[in-house]
Protein chains: 2
Amino acid sequence: MSYDFYMPTRIISRDESSADSCVKTHSTIFALGKKAVIVCGKHSARACGALDDVESVLKKLGIDYIIYDKVTENPPVSTCYAGGRAAIEAGCDFVIGIGGGSPLDASKAVAVYAANPDFAPDDAFSDNIRAALPIIAIPTTAGTGSEVNPYSVMTLDGKNVKKTMKTPYAYPRVSILDPRYTETLSRETTVSTALDAFCHCAESYLSPKSTDISRMFAVDGAKKIYNSLDAIDKLGSDADDPECLKLLRYGLMTGANAGGIAINTTGTGFNHPLGYNLTLYKGLPHGRACGAFMSAYYYYNRTTELGAKLIDDFCDAIGVEWAKVAADIVRWSDVKIGSAYGNALTPDEIELYVNNVKGAGNYKNSPYVINPDEMRDIYQKLFG
Amino acid sequence: MSYDFYMPTRIISRDESSADSCVKTHSTIFALGKKAVIVCGKHSARACGALDDVESVLKKLGIDYIIYDKVTENPPVSTCYAGGRAAIEAGCDFVIGIGGGSPLDASKAVAVYAANPDFAPDDAFSDNIRAALPIIAIPTTAGTGSEVNPYSVMTLDGKNVKKTMKTPYAYPRVSILDPRYTETLSRETTVSTALDAFCHCAESYLSPKSTDISRMFAVDGAKKIYNSLDAIDKLGSDADDPECLKLLRYGLMTGANAGGIAINTTGTGFNHPLGYNLTLYKGLPHGRACGAFMSAYYYYNRTTELGAKLIDDFCDAIGVEWAKVAADIVRWSDVKIGSAYGNALTPDEIELYVNNVKGAGNYKNSPYVINPDEMRDIYQKLFG
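Predicted, not measured: the structure shown is a model, and the values here were computed from it. The residue numbers shown here count from 1 along each chain, following its written sequence. Just so you know, chain letters begin at A and ligand numbers begin at 1, following the order they were written in. Only residues with pLDDT of at least 70 get local features here, since the model is predicted, and only at 80 or more are side-chain atom pairs given and counted; chain-wide, interface and lining totals rely on the full set of residues. Each side-chain value is derived from all of the structure's non-hydrogen atoms; neither hydrogens nor water enter the calculation.

### Re helix 14 (residues 322–333) of chain B
Phase 1: The first and last C-alpha atoms of helix 14 of chain B sit 17 Å apart over twelve residues, in line with the 16 Å expected at 1.5 Å per residue.
Phase 2: The helix count covers DSSP runs of H or I at least four residues long, the strand count covers runs of E at least two residues long, and both are numbered beginning at the N terminus. Asp 334 of chain B, located one to two residues past helix 14 of chain B, shows a positive phi value of around 50°. A helix is expected to span 1.5 Å for every residue after the first.

Here it is, written out as structure tokens:
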């Protein structure tokens with residue numbers, strides 16, 4: 001029994017009764033400083049309308065800003081560091097991150113580098129962070145939950161290795177959830193990011209670190225996301241029609257946020273480290289790579305009394321039998337690796353993957369802790 | 001549809017697997033400054049063990065402190081102001097509030113007065129608050145939810161009038177929920193404070209300001225509190241045995257906290273202003289005074305489609321039919337006013353009460369808004 005909770009980020013969601021964007025109806029929260037650095041990628045922040053909304057609000061408030069739009073997927077440390085230097089040079093005193101997980105994570109790193117002008121790039125991974133510029137986070141995908149955690153995952157330059165900046169100073173002050181910014185996402189991105197978010201909820205619920213409150217958020221998120229994915233599934237190819245997906249945007253965005261709040265307390269479970277390998281070496285989208293392991297996750301955890309009880313409670317709350325939940329998530333993940341597809345993982349690949357999983361702490365974060373033989377077995381059975 | 005949320009207070013709950021108090025297992029969070037002012041009442045903070053735990057932790061950390069134990073029920077402005085002056089004189093830089101709603105509210109006012117040495121007593125009610133000392137809140141009752149809001153209700157000196165200090169600076173940094181501190185409460189106090197907390201949940205759920213998240217907390221709190229009150233009811237006079245009540249302490253304390261989080265988003269509904277009069281003029285405990293109106297609250301709100309739907313959803317989540325929930329809450333409130341008891345409210349009293357309710361904004365905070373005739377009717381039927 002635990003009831004611990006910490007979520008200092010203010011969450012503001014769209015008022016559906018208003019024609020205006022959430023950014024515009026809450027413009028006063030942008031008066032966070034004298035000059036903003038807007039951190040985003042090259043295209044999507046503009047394409048979805050978020051960047052235009054932010055610029056128009058800042059202009060109205062008479063707040064100066066620069067746009068740092070160099071963030072790519074899996075942002076390199078050097079990109080984030082350069083953003084911090086640009087913010088210092090321009091005299092920015094707050095940060096606005098717009099985008100999916102990568103731009104939001106980058107915005108936190110920029111906030112830290114900008115507030116610590118003496119930092120070398122590596123110092124973002126030290127325990128010496130004592131300040132960050134205040135951050136407003138505006139997600140434009142519904143998946144990572146980056147808008148409600150203090151982490152920034154960056155890629156070490158020239159290496160295929162990710163490292164995480166962790167500091168309570170990097171919690172966004174405000175997250176603005178406007179589902180309309182996700183309306184321009186493709187069905188493929190919508191589903192993959194939603195699967196990531198569902199895994200957050202499912203893995204968080206089973207974590208030994210879960211609390212009464214984190215489990216509430218996990219259930220709320222899971223219900224919303226499962227129901228949305230189920231609806232997309234039933235829509236079939238009609239779901240490629242933006243109008244059909246539009247109806248589901250609120251559930252997906254707030255559900256993904258709830259999943260983010262849940263894992264902020266608990267962390268993730270073994271779907272995540274198992275899935276990372278498929279992303280790293282096979283280029284699979286993160287969410288589908290994690291979702292592919294849902295049946296294995298429930299299979300092993302159901303061998304413990306606590307795991308079976310928690311899975312039943314969780315799926316009861318969704319209103320669907322656990323085996324169907326697991327099968328649906330795996331099916332929606334639609335990973336086409338294995339002998340049936342003529343691209344089975346080799347024993348050497350599996351060995352490499354298992355070694356990577358062993359190096360991640362979160363594979364232990366559930367009632368049942370899989371051992372290396374079981375990891376091998378999971379990869380072999382699913383993708384051998 | 002709304003998903004807005006803000007709760008900057010970190011919530012730490014007791015680890016039941018530890019023999020030590022929550023204060024002791026989380027001693028490091030007390031390193032909030034160089035010198036603390038502990039704000040509490042004369043007796044209960046000591047009697048329940050909380051004050052001893054805090055003193056022992058501060059001594060261990062080498063943190064100096066003063067104890068300001070002059071807080072009484074419905075704390076006068078002068079008492080809080082004097083606490084602020086004492087904190088300034090002693091050079092305190094953080095506040096530890098220990099107690100029920102009154103000491104916790106007082107601790108917030110002390111934090112504001114101490115951080116604003118130029119303030120006159122009335123300035124706490126102005127919009128000019130720009131600072132407060134950081135606060136650790138340690139509730140020793142399970143009811144008000146004061147540990148998770150930024151409000152401080154004080155009584156104007158020499159008048160029977162309350163006024164509320166409102167400032168985001170007064171959110172406690174940390175709230176420590178240790179159910180053992182409530183084990184010394186009498187059954188009477190336990191039930192009355194729980195009824196207050198249940199009303200918070202019930203009224204918050206129906207509020208037009210409610211969000212997905214506030215409703216989640218309202219349901220979590222209501223389930224825990226209703227089940228505990230039901231258990232106390234079934235225990236009958238055995239529930240006066242501290243050992244029996246002990247089992248329910250976790251649910252009551254975390255349930256009351258959840259209710260506090262819920263009303264922090266929504267505010268309360270009309271049970272509260274109707275109940276205030278019974279407390280003010282008849283000396284009834286606040287929780288029982290509010291609970292007495294639950295049937296009326298559901299009766300009127302069920303006349304609207306939205307109200308009926310929300311009440312059904314809420315009571316479904318508790319797992320009990322709405323009419324039974326309302327009847328139980330009224331019965332547990334056990335208010336003995338009316339012609340059957342030879343102490344019926346007079347028409348003049350009812351007129352005075354109705355006028356007071358009209359002056360409170362929160363009577364409008366539900367799907368159905370009662371008019372003065374209906375207020376009159378409610379008082380007349382229940383207590384005439």
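Next comes the rest of the description.
### Notes on the packing of helix 7 (residues 212–235) of chain A against helix 13 (residues 305–318) of chain A
Residues and elements named next belong to chain A.
Phase 1: Where helix 7 contacts helix 13, the two axes come as close as 9 Å, and the packing angle between them is 50°. Classified by the interaxial angle, the pair formed by helix 7 and helix 13 is oblique. Crossing of helix 7 against helix 13: the hand is right-handed. Contacts from Ala 218, Val 219, Ala 222, Lys 223 and Tyr 226 of helix 7 reach helix 13 at Phe 314, Ala 317 and Ile 318. Note on definitions: angles span 0 to 180 degrees between N-to-C directions of axes, and those axes are lines fitted to C-alpha atoms, for helices only across the stretch in contact. An angle below 35 degrees is read as roughly parallel, one above 145 as roughly antiparallel, one from 65 to 115 as roughly perpendicular, and any other as oblique. Definitions for this section: a left-handed crossing has its near helix turned counterclockwise from the far helix by less than a right angle. A right-handed crossing has that turn clockwise. Here a residue-residue contact requires only that any non-hydrogen atoms of the pair lie within 4.5 Å.

### Brief notes about the sheet that holds strand 4 (residues 94–99) of chain A
Phase 1: Strand order in the open sheet formed by twelve strands is 3(A)-2(A)-4(A)-5(A)-8(A)-1(A)-1(B)-8(B)-5(B)-4(B)-2(B)-3(B), with mixed pairing between adjacent strands. With one partner strand each, in any of the chains shown, strand 3 (64–68) of chain A together with strand 3 (64–68) of chain B form the two edges of the open sheet. Adjacent strand axes in the sheet meet at a mean angle of 25°, parallel and antiparallel pairs treated alike.
Phase 2: The pairing of strand 4 (residues 94–99) of chain B with strand 5 (residues 135–139) of chain B spans five bridges and is parallel. Looking at strand 5 of chain B, one finds that Ile 96 of chain B is bridged to Ile 136 of chain B.
Phase 3: Where helix 4 (residues 77–90) of chain B meets the sheet, its contacts fall on strand 2 (35–39) and strand 3 of chain B, and the angle it forms with strand 3 of chain B comes to roughly 160°. Criterion used throughout: strands pair if DSSP finds at least two bridges between them.

### Quick notes on unusual backbone geometry
Phase 1: Even without glycine at this site, Asn 74 of chain A takes up a positive phi of about 50°.
Phase 2: Exposure categories follow from relative accessible area, calculated using a 1.4 Å probe and restricted to protein chains: below 20% of the type maximum is buried, above 50% is exposed, and the middle band is partly exposed. What makes Asn 74 of chain A partly exposed here is its relative accessible area of 37%.
Phase 3: In this structure, Asp 334 of chain B is a non-glycine residue whose phi angle is positive, near 50°.
Phase 4: Residue position: Asp 334 of chain B is located in the loop between helix 14 and helix 15 (347–359).

### Some points on the packing of aromatic side chains
Phase 1: Each pair of aromatic rings taken from Phe, Tyr and Trp, with Trp reduced to its six-membered ring, is defined by centres within 6.5 Å and is described as stacked if the planes are under 30 degrees apart, edge-to-face if over 60, and tilted in the remaining cases. Inspection of the entire model under this criterion finds 36 aromatic pairs over all chains.
Phase 2: Ring geometry for Tyr 281 of chain B versus Tyr 353 of chain B: centroids 5.3 Å apart, planes at 10°, classification stacked. Here the residue Tyr 281 of chain B occupies a position in helix 10 (residues 271–282), and Tyr 353 of chain B occupies one in helix 15, the gap between them amounting to 72 residues.
Phase 3: Judged by relative accessible area, Tyr 281 of chain B falls into the partly exposed class, the value being 37%.
Phase 4: With a centroid separation of 5.0 Å and 80° between ring planes, the pair formed by Tyr 299 of chain B and Tyr 300 of chain B is classed as edge-to-face.
Phase 5: Using a relative accessible area of 54% as the deciding quantity, one classes Tyr 299 of chain B as exposed.
Phase 6: Each member of the aromatic cluster is reached from another via a ring pair, and the members are Phe 198, Tyr 205, Tyr 226, Phe 314 and Trp 332 of chain A.
Phase 7: In our convention, an over-ring charge means Lys NZ or Arg CZ found within 6 Å of a ring centre and within 35 degrees of that ring's normal. Note that Arg 10 of chain A overlies the ring of Tyr 6 of chain B, its terminal NZ or CZ placed 3.9 Å from the centroid.

### Some points on the side chain of Asp 196 of chain A
All names here are of chain A.
Phase 1: Counting through the fold element by element, Asp 196 comes out in helix 6 (residues 187–206).
Phase 2: The buried charged residue Asp 196 lacks any salt bridge partner; its closest oppositely charged side chain belongs to Lys 162, at an N-O distance of 10 Å.
Phase 3: Setting aside residues up to four positions removed in sequence, Asp 196 forms contacts with Gly 143, Thr 144, His 272, His 286 and Gly 287. Positive charges come from Lys and Arg, negative ones from Asp and Glu, while His and the chain ends are left out of the count. Within this document, salt bridges are pairs made up of a side-chain nitrogen of Lys or Arg and a carboxyl oxygen of Asp or Glu, the two lying within 4 Å of each other.

### Overview of the pairing of strand 8 (residues 174–177) of chain A
Residue and element names in this part refer to chain A.
Phase 1: In strand 8, alternate side chains face the same way, and those of Val 174 and Ile 176 on one face and Ser 175 and Leu 177 on the other are all buried.
Phase 2: Note: strand 1 (residues 5–13) against strand 8, four bridges, orientation parallel. Following the sheet pairing, Arg 10 is matched in strand 8 by Val 174.
Phase 3: Both strand 5 (residues 135–139) and strand 8 contribute to a ladder of two bridges, which runs parallel. Within strand 8, the position partnered with Ile 136 by the bridge is Val 174.

### Points about the relation of the copies chain B and chain A
Phase 1: Least-squares fitting of chain B to chain A yields an RMSD of 0.0 Å, with the superposition described by an axial translation of 0.0 Å and a rotation of 180°. Such a combination of turn and shift is consistent with a two-fold rotation axis. Considering only C-alpha atoms, the part of chain B nearest the rotation axis is Pro 8 of chain B, at 2.0 Å.
Phase 2: By residue overlap, the copies meet face to face through one surface: 100% of the interface positions of chain B are interface positions in chain A. When the copies are superposed, the least-squares fit takes in the C-alpha atoms of residues with a pLDDT of at least 70 in both.

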